[in-house]
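Survey of secondary and tertiary structure
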There are 2 protein chains.
Amino acid sequence: MFNKLLLATHNQGKITELKSMLSPYNIEVLSALDLELPDIEETGTTFAENAILKATELSAISGLPCLADDSGLCVDALDGRPGVYSARYAPNRDFDAAMDMLIKELKDSGNNDWSAHFSCVLALKIPEQSIRLFEGRIDGTIISTKKGAKGFGFDPIFIPNGYQQTFAEMSKEQKSTLSHRGKALQQFIKEVFQTE
Amino acid sequence: MFNKLLLATHNQGKITELKSMLSPYNIEVLSALDLELPDIEETGTTFAENAILKATELSAISGLPCLADDSGLCVDALDGRPGVYSARYAPNRDFDAAMDMLIKELKDSGNNDWSAHFSCVLALKIPEQSIRLFEGRIDGTIISTKKGAKGFGFDPIFIPNGYQQTFAEMSKEQKSTLSHRGKALQQFIKEVFQTE
């Protein structure tokens with residue numbers, strides 16, 4: 001086991017969610033922002049590849065156990081886009097503009113099926129050990145009007161199946177039990193903190 | 001822990017090496033050949049991606065803990081080729097022809113530096129658990145004349161740095177201590193059999 005964990009991300013939304021979900025456990029959680037570590041270029045074509053890349057490089061640089069998140073929104077009518085390119089879908093990572101672009105693309109597609117899912121892969125790299133991958137997915141529907149101000153990214157236009165609120169309307173506790181990231185992190189917690 | 005392990009490969013050379021290296025441990029080792037399981041298409045662009053794909057799919061099909069190997073020869077003067085496409089470099093997986101093609105490509109390149117390395121990624125998928133990745137690498141030199149009849153694949157034209165014999169001239173014990181696959185498997189054995 002380990003008592004420090006570095007989150008390999010500069011995304012404040014991800015950092016807030018992961019720190020909150022890890023707060024019940026006896027571990028000091030730092031982020032790449034806290035330590036002013038470099039942003040690793042996401043050259044992979046899959047969530048797993050990018051997560052592996054970030055965890056491996058930042059663990060090597062810092063010498064710390066490192067957890068990286070790669071995640072995104074995959075829209076069926078757009079053949080899975082924006083997918084791994086979700087964070088780079090809009091210029092300057094402006095998600096307000098990105099959501100408008102996505103809604104326009106869906107309207108232009110003429111497809112009435114606005115099914116989508118969020119996917120998340122967490123990669124854990126502990127120095128001298130194998131990389132471990134934890135995956136989570138949540139299916140839902142894109143809506144044509146943004147709703148809610150919580151969360152981050154595409155949350156205001158995503159309603160998980162079985163619910164009537166967008167991720168941006170839910171409390172962080174509720175989003176954490178449902179979300180792609182929450183599910184992947186629950187698997188991580190189960191294996192890392194609750195076994196042995 | 002588990003007492004059965006499925007090797008997610010139909011490659012007889014890999015099966016022989018992995019079974020031999022795992023023989024000292026108290027575990028029943030089966031292969032995708034033994035169980036007549038389908039060959040999973042390697043659609044990934046990295047060793048890790050293909051290994052994850054094979055381990056995940058064959059573990060899901062069989063319900064067994066599954067270890068997949070993706071590995072290949074990366075030649076510096078050929079910008080890392082054949083790399084993940086090593087097994088598909090020659091038609092009909094004829095490695096005798098593949099070695100001739102590779103030597104010809106290197107001669108034609110005009111580059112006198114015939115440095116190369118073998119890389120191996122092993123992916124372990126235990127049902128209901130995270131995927132773990134174990135990596136190994138061995139640096140060496142390509143030679144222009146095949147030597148030795150042991151091993152498989154590109155072994156007859158690869159001499160590891162610090163040695164004078166090709167992998168195909170070495171005993172399986174000696175190759176196992178040096179090779180990319182041996183190193184990845186040693187990491188696997190250390191984490192899976194020798195901890196806790």
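Residues numbered from 1 in each chain as written. Chains lettered and ligands numbered in written order. Predicted model: local features only at pLDDT ≥ 70, side-chain atom pairs only at ≥ 80, totals over all residues. Heavy atoms only, no water.

1. Digging into the overall build of chain A
- Helix and strand counts for chain A stand at five helices and six strands.
- Its helices and strands in sequence order give chain A the pattern β-α-β-α-β-α-β-β-β-α-α, from N to C terminus.
- Taken against the 2.2 N^0.38 rule, which gives 16 Å for 196 residues, the C-alpha radius of gyration of chain A at 17 Å falls within 12% of a compact globule.
- A total of 196 residues make up chain A; the buried ones form 53% of that total.
- Once local pairs closer than 6 in sequence are excluded, the contacts in chain A between residues at least 24 apart make up 57%.
- Carbon and sulfur atoms form 48% of the exposed surface of chain A, whose accessible area is close to 9,000 Å².
- Counting 20 positive and 27 negative side-chain charges, chain A places the averaged centre of each group 3 Å from the other. (Helix = DSSP H or I, 4+ residues; strand = E, 2+ residues; numbered from the N terminus. Rg over C-alpha atoms; globule rule 2.2 N^0.38 Å. Buried < 20%, exposed > 50% of the residue type's maximum accessible area, 1.4 Å probe, protein only. Contact = heavy atoms within 4.5 Å. Areas by Shrake-Rupley, 256 points an atom, 1.4 Å probe, with all protein chains shown as cover. Lys, Arg positive; Asp, Glu negative; His and termini not counted. Charge placed at Lys NZ, Arg CZ, Asp CG, Glu CD.)

2. Section: the interface of chain A and chain B
- Each partner contributes to the interface: chain A provides 16 residues, whereas chain B provides 17 residues.
- A combined buried area of about 1,200 Å² lies between chain A and chain B, and 46% of that area is made up of carbon and sulfur atoms.
- Its largest share of buried area at the contact with chain B, chain A owes to Ser-130, Ile-131 and Leu-133 of chain A, together 34% of the area lost on that side.
- Taken together, chain A and chain B are joined by zero salt bridges.
- On inspection of chain A and its partner chain B, the count reaches six residue pairs in polar contact (both at pLDDT 80 or more).
- Every element with two or more residues in the side of chain A that touches chain B is listed here: α2 (47-62), β5 (131-142) and α5 (180-192) of chain A. (Buried area = accessible area lost by both parts, 1.4 Å probe. Salt bridge = Lys/Arg side-chain N within 4 Å of Asp/Glu carboxyl O. Polar contact = N/O pair within 3.5 Å; in protein donor to acceptor, adjacent residues only side chain to side chain.)

3. Let's talk about the nonpolar core
- In this structure, Leu-58 and Leu-133 of chain A together with Leu-58 and Leu-133 of chain B are the most contacted members of the largest nonpolar core, which totals 42 residues.
- Listing elements by their share of this core, those giving two or more residues are α2, β3 (66-75), β4 (115-125) and β5 of chain A together with α2 (47-62), β3 (66-75), β4 (115-125) and β5 (131-142) of chain B.
- Leaving out residues up to four positions away in the same chain, Leu-133 of chain A has contacts with Ala-48, Ile-52, Val-121, Leu-122 and Ala-123 of chain A together with Ile-52, Ser-130 and Ile-131 of chain B. (Core = buried A, V, L, I, M, F, W, Y, C linked by side-chain atoms within 4.5 Å.)

4. With respect to helix α1 (residues 12-22) of chain A
Residues and elements named next belong to chain A.
- Residues of α1 that are buried include every one of Gly-13, Lys-14, Ile-15, Glu-17, Leu-18, Met-21 and Leu-22, and no others.
- Considering only its buried residues, α1 is in contact with β1 (4-7), β2 (28-31), α2, β3, α4 (172-178) and α5.
- Measuring from the side-chain oxygen of the N-cap residue of α1 to the backbone nitrogen of Gly-13 gives 2.8 Å; that N-cap residue is Asn-11.

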